[in-house]
Amino acid sequence: QLQLVESGGGLVQPGGSLRLSCAASGYSLDYYIIGWFRQAPGKEREGVSCISGLDGTTIDADSVKGRFTISRDSGTNTVHLQMTSLKPEDTGVYYCAAGFEATVDGLNQHDYDYWGQGTQVTVSS
């Protein structure tokens, strides 16, 4: 079974940066789409960004384009989300998720089979 563990969340001021990490174990991420999702209190979970373990193709939500960058370190089987120019509306629990390449349609969260426990990101002054 693929296991995912997120880390790197915390409290940051508006305009600041955070780097989230999603460490995978059990299987290589080569054959998965890995996505980041977030959920603010009282709101539905939404897709943020995803990356193909097969070819590196990425998809970013419009709300984070130009500010967030997803990347993969194959040597450590880890996916990162570098977040810059953070805004209060970026606050939420960030989840890492993975699904098989052939079955995932971008940021459709229902296509993802494996989920981490989440890490809290709070953007506030």
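Located above this text is the structure these notes cover.
Nothing here was measured: the structure is a model prediction, and the numbers come from that model.

Novice: Describe the overall build of the chain, listing the residues and the values that go with them.
Specialist: Scanning the chain for helices and strands turns up zero helices and 11 strands. Along the chain, helices (α) and strands (β) appear in the sequence β-β-β-β-β-β-β-β-β-β-β when read from the amino end. Relative to its length of 125 residues, the chain is compact, with a C-alpha radius of gyration of 13 Å against a globular reference of 14 Å. Taking the principal axes of its C-alpha atoms as reference, the chain extends roughly 40 × 30 × 25 Å. For the chain, the proportion of its 125 residues judged to be buried stands at 46%. Counting contacts in the chain only where the partners sit at least 6 residues apart, residues at least 24 apart contribute 60% of the total. Here the chain has roughly 6,200 Å² of accessible surface; of this, 47% comes from carbon and sulfur atoms. Of note, the chain has its 8 positive side-chain charges centred 8 Å away from the centre of its 14 negative side-chain charges.

Novice: How would you summarise the state of the cysteines if you had to cite specific residues and measurements?
Specialist: Across all of its chains, the model carries one disulfide by this definition. Here Cys22 engages in a disulfide with Cys96; their sulfurs sit 1.9 Å apart. Across the S-S bond of Cys22 and Cys96 the torsion is about -75 degrees, and the bridge reads as left-handed. Taken as a pair, Cys22 in strand E3 (residues 18-25) and Cys96 in strand E9 (residues 92-100) lie far apart in primary sequence, 74 residues in all. Just as Cys22 is buried, Cys96 falls in that class too.

About the cut-offs
- Residues numbered from 1 in each chain as written.
- Predicted model: local features only at pLDDT ≥ 70, side-chain atom pairs only at ≥ 80, totals over all residues.
- Heavy atoms only, no water.
- Helix = DSSP H or I, 4+ residues; strand = E, 2+ residues; numbered from the N terminus.
- Rg over C-alpha atoms; globule rule 2.2 N^0.38 Å.
- Buried < 20%, exposed > 50% of the residue type's maximum accessible area, 1.4 Å probe, protein only.
- Contact = heavy atoms within 4.5 Å.
- Areas by Shrake-Rupley, 256 points an atom, 1.4 Å probe, with all protein chains shown as cover.
- Lys, Arg positive; Asp, Glu negative; His and termini not counted.
- Charge placed at Lys NZ, Arg CZ, Asp CG, Glu CD.
- Disulfide = S-S within 2.5 Å.

Nothing here speaks to function; it is all geometry.
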